[in-house]
Amino acid sequence: MPSSRKTRALLAYLAVTGRPQRRERLCELLFELTDDPRGALRWSLAKLRPLVDDADVTRLVADRDMVRLNREGLGLDLDDLRALAEDATLATADADRLEAAVETLSGDFLEGSVIDHAPEFSAWVAAVREDCRAQQRRLIEALIERLENAPARRLAAGRRLVQLDPFDEGAYAICVRSLVELGRADEAASLAESAAAAFRRERIGLSGALDAALRGAPVATQPASASPSMQRDKRPRDARIVATVAVLPFRPMGEEAENRRWLADGIIDGVADALSRYTMLRILAPGATASIDRDDFDPVATASALSADYLLTGSLQLSRSGGEEQLRIRYRLIAGTSAAIAWSGMLERSMSDVFAIQDAAAAEIANAIEPKIASLRLVASTDQPDVDLVAYDYFLRGLASGFRSGAKDYGAAADAFEKALEIAPDFAPALAYLPWAQGMAFRLQTAQDFTRAIAMARQAIGLAGADARTLAMGAMSLVFLGQDYAGGLPAADRALKLNGNDPVALISAAWIRATAGEYDMPMALFARAADLSPLPETENGNIHAGRAMCCLIAGRYADARHWADEALALSPGHPSALFSGTAAASGLGDRDDAQRRATLFTRLIPTGLASPIVRALPFRRKADREEIFALLRAAGVPG
């Protein structure tokens, strides 16, 4: 194998995905931070060719745009694992076959292949690892069922299950019962005691299975086809993860459906990639679901088998209109516990640019699905006292209020974010959003208030990690309250790099760059945010208010007034829209309109330009501030 970890990672990605990959995509995945990404990719491909090509078969096939690995005649351990874990095969496999397969399983997928500064690749590896663990669990549980009268072999299988999932009480109970049957009661009691102590430390409730196993009672394994187990619900969640989503194959429909499967595969790969950028979601790789029969599948059983909270599925159909091919994509988000359709949508695109279609569809579907999952999480009930999830619920309530964009709404948002931080003081998303909400609700009045808010923004950026949304809002708060472009701009740019499809990251970067005096880039970012925003049109006032501010600073007063009116039509009383609209009307010389707007602005902010939050508005160029404030004074705004 090549010594370069990135070259080994490239081989693994091509082999496991089994599909042609764009060179641009591979560069983004593994080589983005190199000086010459395409050159680095060419070097890795050159290293791989002598390793994979045979004398008669060219396995590494590459042209100017695409790269693929010809897998004909090649065998992958991962394929063997998935094939054996399929229901039909698993049902007929005997204990010896299963035991032999389990013995070959050791370590995680690509264990030790850590690639620095490659978050997308790391997310893909994590998803495949999750898939592998789920398939291994199916094999081990099936093996344990066949070893009812073989306690020694059952003990070995139970220990494998504990290694796979150290928070599975049932796995420990299998080991305890096996030890009792082998006459090793002291070992059984010691194992039960240490397991129970570990569970108590993690605040995980016990079902009594360990006590029953000490008495020699049979322990029921949880078959993969059964309904979701209580054990899975009791395992501690990563505080950042609020839901696991399995992206199922999208089904091509109509004539030549099978010939279009590559298009469906490209779309679901893109959707999984786009969703994986949201750090509060765990996404199962499409490879984990490739064997599922879309024509006849039980959503509840499938979700249980994959340990998924939601299933994302869909279809695509081609038609001709006016001599041009049109693609229609329907998608559905299905709740794993009830099989209810939690969300559905449709989008249509021209087939003029296939790759652009795949990218656009992936971004739109991901940005529609992610907030829906968040809102479902908000109202979901839970039997466990999970501090982080309670804090997250308050955080979501704050978002729901803040996006309505009224002064009272911002106050309600700030209250919710504060409650989240009372429960979890280091909860980075709440730290990022609270300063913004406090500012928009005019709660920042003293120098001490601003100092505290700016400190929260810095803390949020430090804790954000790969969370693009937290980085973006932390950057926004840092610039708008502390006028710290040196710290805010890099954080906003990093957020865009992590997730260029996230409307919050797009809007934050656009606002910051607009106040820095730029025009073309922020207007383009606002336009993309509007295209991708999953919010109802009535809740997009912040985007139009940002456009108004950008045009105002650029001296485009007519455009600024237009966008301010668009924002106010959606969010009456939007502070920034009133600010920009008043200054724009004054700049156009429309005295009556300027005075009317100034009256509305002063009702909202009686102290006008003397208000602490208005004085704190960031303008990177001093001349911009002086000119805009002069226009507001001319309109009759006090201060």
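Presented here is an overview of the structure given in this document. (Residues numbered from 1 in each chain as written. Predicted model: local features only at pLDDT ≥ 70, side-chain atom pairs only at ≥ 80, totals over all residues. Heavy atoms only, no water.)

Describing the overall build of the protein
Using the following cut-off: Counting from the N terminus, the helices are DSSP H or I runs at least four residues long and the strands are E runs at least two residues long. For the exposure calls, accessible area comes from a 1.4 Å probe over protein chains only, and a residue counts as buried if that area is under 20% of its type's maximum, exposed if over 50%, partly exposed in between. In this description, contact between two residues means that some pair of their heavy atoms is separated by no more than 4.5 Å. Note on areas: Shrake-Rupley, 1.4 Å probe, and residue coverage restricted to the protein chains presented here.
If you tally the helices and strands in the protein, you get 29 helices and eight strands. Across the 639 residues of the protein, 54% fall into the buried class. Relative to all contacts within the protein whose residues are 6 or more apart in sequence, the contacts with residues 24 or more apart total 64%. In the structure as shown, the protein presents an accessible area of about 28200 Å², 50% of it carried by carbon and sulfur atoms.

Quick notes on the packing of helix α1 (residues 5-17) against helix α3 (residues 37-52)
In a packed pair of helices, the relevant descriptors are the angle between the two axes and the axis-to-axis distance. Heads up, the rule is: Fitted lines through C-alpha atoms serve as axes, helices being fitted only where they are in contact, and the angles separating the N-to-C directions of these axes extend from 0 to 180 degrees. Oblique is the label for any angle not covered by the other classes, which are roughly parallel (under 35 degrees), roughly antiparallel (over 145) and roughly perpendicular (65 to 115). For any pair of crossing helices, the crossing counts as left-handed if the nearer helix is rotated counterclockwise from the farther one by less than a right angle, and right-handed if it is rotated clockwise. Any residue that is not Ala, Val, Leu, Ile, Met, Phe, Trp, Tyr, Cys, Pro, Asp, Glu, Lys or Arg is counted as polar, Gly included; the first ten are nonpolar and the last four charged.
For the pair α1 and α3, the least separation of the axes is 10 Å and the interaxial angle reads 65°. For the element pair α1 / α3, the angle class is roughly perpendicular. Of the two possible hands of crossing, α1 and α3 adopt the one that is right-handed. Here Thr7, Leu10 and Leu11 of α1 lie close against α3, whose contacting residues are Leu41, Trp43, Ser44, Leu45, Lys47, Leu48 and Val52. Its residues assigned to classes, the contact of α1 with α3 comprises seven nonpolar, two polar and one charged.

Description of unusual backbone geometry
Across residues other than glycine, the phi torsion is negative in most instances, and most of the peptide bonds are trans. Phi is positive for Phe442, which is not a glycine, with a value near 60°. Mapping Phe442 onto the fold places it in the loop between α18 (428-440) and α19 (447-463). Of note, the phi angle at Gln483 is positive, near 50°, even though the residue is not glycine. Position of Gln483 relative to the elements: it lies in the loop between α20 (468-482) and α21 (485-498).

Describing the environment of Ala173
Relative to the assigned elements, Ala173 resides in helix α9 (residues 169-181). With 35 residues separating them along the chain, Ala173 and Gly208 place their C-alpha atoms 9.3 Å apart.

Some details on the packing of aromatic side chains
For the record, the criterion: Geometry of aromatic contacts follows a simple scheme: Phe, Tyr and Trp rings, the Trp one being its six-membered ring, pair when their centres are within 6.5 Å, and the pair is stacked under 30 degrees between planes, edge-to-face over 60, tilted otherwise. The rule for a charge over a ring is simple: NZ of Lys or CZ of Arg within 6 Å of the ring centre, and within 35 degrees of the ring normal.
By the definition in use, this model includes 10 aromatic pairs. Between Tyr433 and Trp436, the aromatic rings sit 5.9 Å apart at their centres with planes inclined by 80°, giving edge-to-face as the arrangement. Taken as a pair, Tyr433 and Trp436 lie in helix α18 at a separation of three residues, close to a single helical turn. On the basis of relative accessible area, Tyr433 is assigned to the buried category, the value being 2%. Looking at Trp436, the relative accessible area reads 14%, which means it is buried. Joined through ring pairs, the aromatic side chains of Phe395, Tyr410, Phe417, Phe427, Tyr433 and Trp436 make up one cluster. Lying over the aromatic face of Trp563, Arg547 brings its terminal NZ or CZ to 4.3 Å of the ring centre. The ring centre of Tyr519 lies 4.0 Å from the NZ or CZ of Arg556, which sits over that ring.

Comments concerning the nonpolar core
Put simply, the rule reads: By convention a nonpolar core is built from buried Ala, Val, Leu, Ile, Met, Phe, Trp, Tyr and Cys residues, the set being connected through side-chain atoms within 4.5 Å.
Ranked by size, the top nonpolar core spans 101 residues in total, and within it Phe395, Tyr433, Leu552, Phe579, Val614 and Ile628 carry the most contacts. Considering each element in turn, this core owes the most residues, 10 residues, to α20. Leave out the neighbours within four places in its chain, and Tyr433 touches Phe395, Leu399, Phe417, Arg469, Met473 and Val504. Core analysis: the second largest hydrophobic core is formed by 65 residues, Leu78, Val125, Ala150 and Ala173 among them.

So, helix α10 (residues 185-201)
To keep things clear, this is the line we draw: Here, expected helix span is obtained from the residue count minus one, scaled by 1.5 Å. This arc describes the spread of directions from the helix axis toward the C-beta atoms.
Spanning 17 residues, α10 covers 24 Å between terminal C-alpha atoms, matching the ideal 24 Å at 1.5 Å per step. Inspection of α10 places Ala188, Ala192, Ala195, Ala196 and Phe199 among the buried residues, and these make up the whole buried set. For α10, the arc enclosing every buried residue in end-on projection is 100°, short of the 170-degree limit, so these residues lie on one face. When the buried face of α10 is taken as reference, the exposed residues oriented beyond 90 degrees from it are Asp186, Glu193 and Arg201. Buried-residue contacts for α10 involve α9 and α11 (209-214).

A word on the pattern of salt bridges
As a reminder, the rule being used: Salt bridges are identified by distance alone: a Lys or Arg side-chain nitrogen within 4 Å of an Asp or Glu carboxyl oxygen.
Under the definition given, this model contains 23 salt bridges. Between Glu181 and Arg177 there is a salt bridge, with its nearest N and O atoms 2.6 Å apart. Of the two residues, Glu181 and Arg177 both sit in helix α9, four residues apart, roughly one turn of that helix. Classification of Glu181 as partly exposed rests on a relative accessible area of 33%. According to the relative accessible area criterion, Arg177 is buried, its value standing at 6%. For Asp565, the salt bridge goes to Arg597, with nearest N and O atoms at 2.8 Å. One end of the pair, Asp565, is in helix α25 (residues 557-570); the other, Arg597, is in helix α27 (residues 591-604), and 32 residues separate them in sequence. A network of salt bridges, in which partner residues are shared, links Arg561, Asp565, Asp590, Asp593, Arg596 and Arg597.

With respect to the sheet that holds strand β2 (residues 60-62)
Selection rule: Here, strands pair whenever DSSP counts at least two bridges between them.
The three strands lie next to each other as β1-β3-β2, forming an open sheet whose pairing is antiparallel. For this open sheet the edge positions go to β1 (21-22) and β2, each flanked by a neighbour on one side alone. Of the pairings in the sheet, the one linking β1 to strand β3 (residues 66-69) comprises two bridges and is antiparallel in character. Pairing of Gln21 across the sheet is with Val67, part of β3. On the sheet, α1 packs against β1, β2 and β3 and is oriented at approximately 75° with respect to β3.

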